[in-house]
Amino acid sequence: MAATTTTSLGGGADDRVLATAHQILKSLKAPKEDREDMLLIFSSFDNRLSGITDLINGDDSKSSEDEELDRFEAAEKIILDDSSVYSESSRQSTSLFDPPNDPVEYFLAVDEIIQWIEHFSISPPDHSTEKTDRIILDRAESAIQLAMSRLEDEFRHVLICNTIPPNAVSRCNTNRRSSLSFSSQDGGIDDNSGSFGEVSDAGSNRFHERGVSIGDDLFVDLVRPESILNLKDIIDRMVRSGYERECLQVYSSVRRDALIECLTILGVEKMSIEEVQKVEWKSLDEKMRHWVQAVKAVVGILLSGEKRLCDSLFGEFYDLKDTCFNETAKACVMMLLNFGEAVAICKRSPEKLFRILDMYEALRDALPDLEEMVLDDLVITEAKGVLKGLGEAVKGTFAEFENCIRNETSRKPVLTGDVHPLPRYVMNYLKLLVDYSDTMDSLLEITEEALYHFTNDLGGEVSQLEDLSPLGRQILLLMSELEHNLEEKAKLYEDIALQQVFLMNNLYYLVRKVKDSELKDVLRERWIRKRSVKVRQYSTGYLRVSWSKALSCLKDEGIGGSSNSASKMALKERFKNFNACFEEIYRVQTGWKVPDVQLREEMRISISERVIPAYRSFVGRFSCQLEGRHSSKYIKYSPEDLETFLSDLFEGSPAVLHHIRRKSS
C-alpha cells in the first residue's frame, strides 16, 4: 500500500526527498533503460538516495505497491461494471449466481476492496501520502457501497427464490383431540328455549376427533440446501463491510414473511381481538382448532428449523445470529399469541371448553421450547400471560357449564319417562373432560361457596370429597347438582309411579356411563355403589306404587275367608277390579320407556315375580266358585297370558287389552 512503501531516512527532509523521488518514478512511463539511467543520476546527487534502488527492480516487474493498486483498480472495475449492467430495469432478472456472471470473481473483488478499507482503518494514511490515500479510500468506500447494494438485493433474491413452502406442515394434524360442538340437535342447550335437545349416545363420537401428532424427528428444510453456501458468502461480505443492519433487515423481513405464510397455510389469519369476538362459534371453533395445530407446528417444526437455519448461516456472528432469529420469530409468535389472548377474553360458553383446553395444553407444552429459542423477554412474557389467560378461561368456562346445569329449569317433561337430554349432555361432556384430567387438576379448586352449597343444599358430606382429585371433586359437585335437578324434574309428573321410573332411568344411565368410562376412576367405587342402591330403591318404589292396587285385589280379606265360603259377588268384584287395574297398567305403561335392555328385563322379571304367583294362587283357589258359562267374563286372563303381556311393558308404544277375551273352559 502507498502508506507502507516509504522508507524512513531519519528526518523530515530525507522523507520529503525520497517521497519526491518516489512520485517522480511513479509518474514516469519510460522504458526500463531510461529509468535505470535516471536512477544513476539520482544516486550521484546524494547517498541518501541510494535506497531508491529498492523502488526499481532489476527486471521488468512492478513494485508491490503498483501491484496492490492494480488489484484494487481491477476489483473496483469488476464492481463498477457489474453495477452498470445490474441496472434498475434488469434487477428482477439478473442474478449474481446466474450465467454468465461469475460469483467467485465478484466476491474476490469485494474481498479486495474490503481489505483496502480494513487497512486504512488500522493504519491511517501517512502525512506524505494522505491526499493520495484519501482518494483511494473514497473510491473504495464508493465501490463497497455499490457492492453492498448489489449484495443486499442478491441476498433478498436468493432467500425468496430458495424458500421452500412448508406444505408438509399443513398435512400434519397436530391436534391430539378436537372439541365438542354442541347444538340443540347434539344434546346442547337450545338458544331459544334454554332446554336440552335430544341426542343419542351413538352420535357423541363425532364430538371427539383424534389425529396423529408430530414426531420429534420431523424436520422441514426452510430453504433449499444448495443455496446455503451462496447465502453465507453474501452474509460474510455484508457483515465484514459493516452492513449488519441491512443484512438483518433483509433476512428478518423475508423469513418473517415466510413464517407468516406458513401460518396462513396452517389456517391462522391475522385478526384483532374485536374481530375474533365477533366470529360465530362454528367458524371460531375451526379457527381454534387450526391455532392448536399451528402452535405445535410453529414451535416444534418451523421455529426450530429457523433456529437451525440461523445457526448455519450466521455461525460465528453470535449476536447477529440471535438477533436475526428473534426478529424473524417475533411477528409469527405474536400473531399466534394475539389470537390466544382474544379467545381467552371471549364470552364464556360451555361448548368452548374443550377447544380452550386444547389451546392451553398446546401453549403450555410449547412454552419451554419457546423460552429456550426466543430470547426476547417481551415475547416470552406475553406468552406466559396468554397461557395464564387461557387457564382462567378454562376455569370460567367450566364454571359456566356448572351454572348451565344448575339453572336448567325446563318445565317440559319427557312423556315416556325416558332419560332426559340433560344427563345425556352432561355425561358426554364429562367423559371427554376426563381426557384432560391432569390439566384440570392443575387449574381447578373448590371454593368455600361451592362447598357450602354441596353440604347444605345438595345433602352432600365433606367426607365424600376425601381422596378425590380436584377434578373429581368438581365432578362430584356437578353430579350432585345434576341429581338434584333431575329430582326436581321428576316432580313434573303427576303419576308417582312414572316419577320413580324417570328417576330410575336417569340415575341408572348415570351409573352406567360412569362405570363404562374413565369417570369411574375419578368418582370412585363408593359413588357407584351408593347410586346403584338408589336405582334399586326407585325400582322398588315403582313396584309398590304401581302394582299395590292390583295385588290388593288378589288378597283373601273380604271374600269369605276360604274357597268354599267365598262370596261369589265379592269374587266377581275382585276379578273385575284386577282386570281393570291390569288393563289400565298395560295401557299406560306400554307407553312408558325403559331404554336400557338389561334394566327393562329386570323390571319385567320383578313385576312377574310379584304378580304372577299371586294371581296363579288366587285363580287356583277361587276359580271353582265361578265355574259356568260366564266365568270367562271375570277370569279373562290365564297366568301365562299375564306373563306374555308383561313383556310388552316399557317399550314406549301404548297398547290396550280391552279387545282380548278368553273362552270359558
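What counts and how
- Residues numbered from 1 in each chain as written.
- Predicted model: local features only at pLDDT ≥ 70, side-chain atom pairs only at ≥ 80, totals over all residues.
- Heavy atoms only, no water.
- Phe/Tyr/Trp six-rings, centres within 6.5 Å; stacked < 30°, edge-to-face > 60°.
- Helix = DSSP H or I, 4+ residues; strand = E, 2+ residues; numbered from the N terminus.
- Buried < 20%, exposed > 50% of the residue type's maximum accessible area, 1.4 Å probe, protein only.
- 1 Å grid on protein atoms, 1.4 Å probe; cavity = no way out; pocket = protein on both sides within 12 Å on 5 of 7 lines; lining within 4 Å.
- Points joined across faces, edges and corners; volume = space filled by probe spheres on them.
- Nonpolar A, V, L, I, M, F, W, Y, C, P; charged D, E, K, R; others polar.
- Salt bridge = Lys/Arg side-chain N within 4 Å of Asp/Glu carboxyl O.
- Core = buried A, V, L, I, M, F, W, Y, C linked by side-chain atoms within 4.5 Å.
- Contact = heavy atoms within 4.5 Å.

**A word on the packing of aromatic side chains**
Each aromatic ring pair is characterised by the separation of its centres together with the angle its planes make. Per the counting criterion, the structure on display carries 22 aromatic pairs. Arranged with centres 5.9 Å apart and planes meeting at 50°, the rings of F354 and Y436 form a pair that is tilted. With F354 in helix α12 (residues 353-373) and Y436 in the loop between α14 (421-433) and α15 (437-443), the pair connects residues that are 82 residues apart, well separated along the chain. Measuring from ring centre to ring centre gives 5.7 Å for Y542 and F650, while their planes differ by 70°; the resulting arrangement is edge-to-face. Of this pair, Y542 sits in helix α19 (residues 519-552) while F650 sits in the segment after α22 (639-646), and the two are 108 residues apart along the sequence. Across the pair, F650 and Y542 agree in class, each one buried.

**Description of empty space enclosed by the protein**
One pass over the structure, following the stated rule, counts five cavities of 30 Å³ or more. In this structure, the largest cavity occupies an estimated 70 Å³ of space. If you go around the largest cavity, the residues you meet are E483, L486, E487, L503, N506, L507, L510, K534 and Y538. Taken together, the elements giving at least two residues each to the lining of the largest cavity come down to α17 (470-490), α18 (496-515) and α19. Along the lines of polarity and charge, the residues of the lining of the largest cavity split into five nonpolar, one polar and three charged.

**Here we look at the pattern of salt bridges**
This model, assessed by the stated rule, comprises 39 salt bridges. In this structure, R424 and D418 form a salt bridge, with 3.9 Å as the shortest nitrogen-oxygen distance. Looking at R424, the relative accessible area reads 12%, which means it is buried. Judged by its relative accessible area of 12%, D418 falls in the buried class. Connected through shared salt-bridge partners, D111, D233, D236, R237 and R240 make up one network.

**Some details on the environment of L422**
Relative to the elements of secondary structure, L422 occurs in helix α14. When the C-alpha positions of L422 and L482 are compared, they lie 8.3 Å apart, and in sequence the two are 60 residues distant.

**A short note on the nonpolar core**
Nonpolar side chains in soluble globular proteins generally cluster together in the buried interior. The biggest cluster of nonpolar side chains holds 184 residues, and the ones touching the most others in it are F155, L390, L430, Y542 and W547. Sort the elements by how many residues they give to this core and helix α10 (residues 281-314) lands first, with 17 residues. Ignoring any residue separated from it by four or fewer positions in sequence, one finds W547 in contact with Y542, F582, I585, Q589, I607, V611, L646 and L649.

**Describing unusual backbone geometry**
Residues P99 and P100 are joined by a peptide bond in cis, for which omega reads 5°. Mapping P100 onto the fold places it in the loop between α3 (64-85) and α4 (103-122). Phi at R524 takes a positive value of approximately 75°, unusual for a residue other than glycine. By the secondary structure assignment, R524 is in helix α19. A positive phi angle is found at F650, which is not glycine, with a value near 65°.

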